[in-house]
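Chains, contacts and geometry: an overview
Now for the letters of each chain:
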Amino acid sequence: MSVPDLSVTIAGVRFKNPILAASGCFGYGSEMEPLVPAELFGGVVTKTILEARRSGNAAPRIVETPSGLINSIGLEGVGIDRYLEEKVPALSGVDTRLIVSVGGHSIEEFARLAARLDSVDRVDALELNISCPNVDGGTDFSTDPELAAATVTAVRRVTGKPLWAKLTPNVTRIAVIGQACEKAGAHALSAVNTFTGMSIDTNTGRMILPRGMGGVSGPAIRPLALAKVWELVRNVSIPVIGIGGIATARDVVEFLITGAAAVQLGTVLYIDPDAPRRAAAGLAGHLHERGLTSVNQLVGTLARRDEGRQHR
Amino acid sequence: MALSPGAIDCRATVVEQIETQPGFFRLLCRVPATFADPVPGQFVQLRLSERNDPLLPRPYGIVDFRRAGGDAFFELYYGVVGAGTRLLARFRPGEEIGCVGPLGRGYAVDPNREAILVAGGRGVAPLLMLYAAERPRRPRLPFVYGFRTAALAFGVERIDEADRHLATDDGTLGRRGTALDVLADLPESLLRGSTLYACGPEILLEKTALFALERGIPCQVSLEAPFACGVGICRGCAVPAAAHDGYLMCCSDGPVFTAEEIRWEAMP
């Protein structure tokens, strides 16, 4: 039997495999060379880009929790000028799709950044980070359907690049936000960003992170993220890219079956440099074992418990 | 700053695990020959659990590194202080640990100046490696080493007697006091002609750095900060930078910094 086809197409962009690097977990794409080559991924999503350089929050910025990690980095980044000058060329000739995560303190900033990135050929899609929890007002864009839609609309006007809206899970009904983004012209939804969390030092009674709360990632949030992805895929007709504690081939398969068109690996990239290679190899092995020739035959095949088992 | 050149992801096989004192361990591991020669002050990231708890790898400073019979070996020294070190202490000879290294920026020894090493407690680890590398090139290499009590004196036997400048909190070995007390009592002429290389608790590092800055003596310190990745990607281990209003990353810009690079008054 031939090697299964791992490629997926999202908004007209073909990815050689459905495993992407999540924003904030793989720098600007080339820093982990040669330990983790960007070519392993179907695509890499950059750290969120803002207009200005940002130095980020004071330390400590991370705290470990059971099977999870709370971060409060604060969108540290080089700013758009240095990004275009140094970081985009670093990925030229590298066989992976480049998705730029775009941030903004205002709708106008999102639009200005998107307009500048529109003319950069190397950039295959934009992921709108309307859900960063660690800056003032950061999360508001994706907790309010009207603001989320307005952001997508404003960006839509200035770029022809495919737009992915990255959603926060910290809402009662994520489908409402997803539908608003879809209606405004988003081509895909990235779900989910981190869950709001906090941890305190019980010896001192003090908060550990200077801002108190941060965003929880890692295996701890995987089942929570999966439920959000499922809610979205049942309520929108654009592709959903699954994110949240995905670390192994088994996790990738779980999100694809649930209906994610692709997935992003995040926190695991801090831990295990070999995880992306193993996940892709394991996914191919899973398809092969089940006699599937394409990963698309797996996407959205979720069955109810009473529908009879599809698997052995 | 990007990934340390030569860093690899490998399996480290435990060769020897010895509890030198209750709660303190010396660990010897074998790694593939492709493991790069570490600079003193560099570290390894060890993945201690396959079950996501603790989730993050843990950094350990390298005490010694050697090659023999086509393999490479590194030695670590640690005290059991939390979930990670509790798990590490359970590894037995023959068992494997996921390992990435060598990582970080180590000490940049100035061959044209005398050197004084300043260690506090478990911070002695990377300085023992520095000592072993530098001692043969120098007529003397004063090693200031402060720790709680005589029973916790790790590696003292690796330091030539003439170089030992010891202090313990309880006076059971060397003088009663701290490493800083000993440092301050060294001859002014020696201090002026030397570079200080320090590792240990943050309070010791800050005081050593300020001591050096006041006197115009070059000083390098190895800092610690909670981080996830160890390679500069997660941006978790922010250390306030003196040169601008931003931060340096402890894991990839350091962990060794010059005293001038750090905005000490802004340290958390």
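Because the structure is a prediction, the values reported are computed rather than measured. (Residues numbered from 1 in each chain as written. Chains lettered and ligands numbered in written order. Predicted model: local features only at pLDDT ≥ 70, side-chain atom pairs only at ≥ 80, totals over all residues.)

1. Comments concerning the overall build of chain B
Quick note on the threshold: Strands here mean DSSP runs of E at least two residues long; helices mean DSSP runs of H or I at least four residues long; both are numbered from the N terminus. Atoms considered for the radius of gyration are the C-alpha atoms alone. The globule rule reads 2.2 Å times the number of residues to the power 0.38. The burial criterion counts other C-beta atoms lying within 10 Å of a residue's C-beta, which is placed from the backbone; the residue is buried at 20 or more, exposed at 12 or fewer, and partly exposed between these limits.
Secondary structure summary: chain B contains five helices and 15 strands in total. Expected size for 268 residues packed as a compact globule is a radius of gyration near 18 Å; at 18 Å, chain B falls within 12% of this value. Based on the C-alpha atoms only, the size of chain B along its principal axes is roughly 50 × 45 × 35 Å. Here chain B holds 268 residues, and the buried ones make up 47% of them.

2. Side note on the pairing of strand S4 (residues 58-68) of chain B
Residues and elements named next belong to chain B. Applicable threshold: In this scheme, strands are said to pair when DSSP sees at least two bridges between them.
Counting buried residues in S4 gives eight out of 11 residues, a clear majority hidden from the surface. The sheet contact formed by strand S3 (residues 43-47) and S4 spans four bridges and is antiparallel. Bridging across to S4, Phe-43 finds its partner in Gly-61. Where S4 meets strand S5 (residues 71-79), six bridges bridge the pair, whose relative direction is antiparallel. For Asp-64, the partnering residue across the bridge sits in S5 and is Glu-75. Taking the residues that link successive antiparallel strands as the turn, the S4-S5 hairpin has two residues, and the phi of Gly-69 there is positive, at about 55°.

3. Quick notes on the nonpolar core
Defined as follows: Buried Ala, Val, Leu, Ile, Met, Phe, Trp, Tyr and Cys residues form a nonpolar core when they are connected through C-beta atoms within 7 Å. What counts as a domain boundary in this text is fixed by an automatic or database domain assignment. Any residue pair is listed as a contact if its two C-beta atoms, each placed from the backbone, are within 7 Å.
One finds Trp164(A), Ala165(A), Leu189(A) and Leu117(B) to be the most contacted residues of the largest nonpolar core, which totals 183 residues. By residue number, the principal contributor to this core is helix H2 (residues 124-134) of chain B, which donates seven residues. The residue makeup of this core includes at least three contributed by each of domain 1 (8-103) and domain 2 (114-266) of chain B. Excluding its chain neighbours within four sequence positions, the residues that come into contact with Leu117(B) are Leu127(B), Leu130(B), Tyr131(B), Leu141(B), Phe143(B), Val144(B) and Tyr197(B).

4. Regarding the interface of chain A and chain B
Applicable threshold: Residue type decides the class: Asp, Glu, Lys and Arg count as charged, Ala, Val, Leu, Ile, Met, Phe, Trp, Tyr, Cys and Pro as nonpolar, and the leftover types, Gly among them, as polar.
With 28 residues of chain A at the contact, the number on the chain B side is 30 residues. Broken down by secondary-structure element, the contributors of at least two residues to the side of chain A that touches chain B are strand S5 (62-65), strand S6 (68-71) and helix H7 (268-271) of chain A. A total of three residues in the side of chain A that touches chain B trace back to one element, the largest contributor, which is S6(A). Among the residues making up the side of chain A that touches chain B, the classes are represented as 15 nonpolar, seven polar and six charged.

5. Remarks on the sheet that holds S3(B)
Residue and element names in this part refer to chain B. To keep things clear, this is the line we draw: Helix axes are fitted to C-alpha atoms over the stretch in contact, other axes to C-alpha atoms as well, and angles between N-to-C directions run from 0 to 180 degrees.
Strands sit in the order S1-S2-S5-S4-S3-S6 around a closed barrel of six strands; the barrel is antiparallel. Each strand axis lies, on average, 45° off the axis of its neighbour in the sheet, ignoring direction. Across eight bridges, strand S2 (residues 24-31) lies against S5 in antiparallel orientation. Bridge pairing in S5 places Cys-29 opposite Phe-74. In the packing of H2 onto the sheet, contacts are made with S4 and S5, and the angle to S4 comes to roughly 25°.

6. Here we look at the packing of helix H2 (residues 107-118) of chain A against helix H3 (residues 145-158) of chain A
All names here are of chain A. Formally: In this scheme, roughly parallel covers angles under 35 degrees and roughly antiparallel covers those over 145, while 65 to 115 is roughly perpendicular and the rest are oblique. Each crossing is labelled by how the near helix is turned from the far one, with a counterclockwise turn of less than a right angle marking it left-handed and a clockwise turn marking it right-handed.
With their axes 8 Å apart at the nearest point, H2 and H3 run at an angle of 30° to one another. Judged by the inter-axis angle, H2 sits roughly parallel to H3. Once H2 is placed against H3, the crossing between them reads as right-handed. Contact with H2, carried on its side by Ile-107, Phe-110, Ala-111, Ala-114, Ala-115 and Asp-118, involves Ala-150, Thr-151, Ala-154, Val-155 and Val-158 of H3 and no other residues of that element.

7. A few points about unusual backbone geometry
The omega torsion across Glu33(A) and Pro34(A) is -5°, close enough to zero to call that bond cis. Of note, the amide linkage connecting Gly254(B) to Pro255(B) takes the cis form, showing an omega dihedral of 10°. Here Pro255(B) is to be found in the loop between strand S14 (247-249) and strand S15 (256-258). Here the phi dihedral of Ala11(A) falls at roughly 50°; this positive angle occurs in a residue that is not glycine. Its location among the elements puts Ala11(A) in the loop between strand S1 (8-10) and strand S2 (13-15). Its identity as a non-glycine residue notwithstanding, Ser67(A) has a phi of 55°, on the positive side. Along the polypeptide, Ser67(A) turns up in the loop between S5 and S6. For Ser67(A), a count of 19 C-beta atoms within 10 Å translates into the label partly exposed.

8. Quick word on the domain arrangement of chain B
Residues and elements named next belong to chain B. Here chain B is partitioned into domain 1 (8-103) and domain 2 (114-266). If you average the C-alpha positions of domain 1 and of domain 2, the two centres end up 22 Å apart. Between domain 1 and domain 2, the residue contacts involve 20 residues of the former and 18 residues of the latter. Per-element accounting of the side of domain 1 that touches domain 2 gives the leading share, six residues, to S4.

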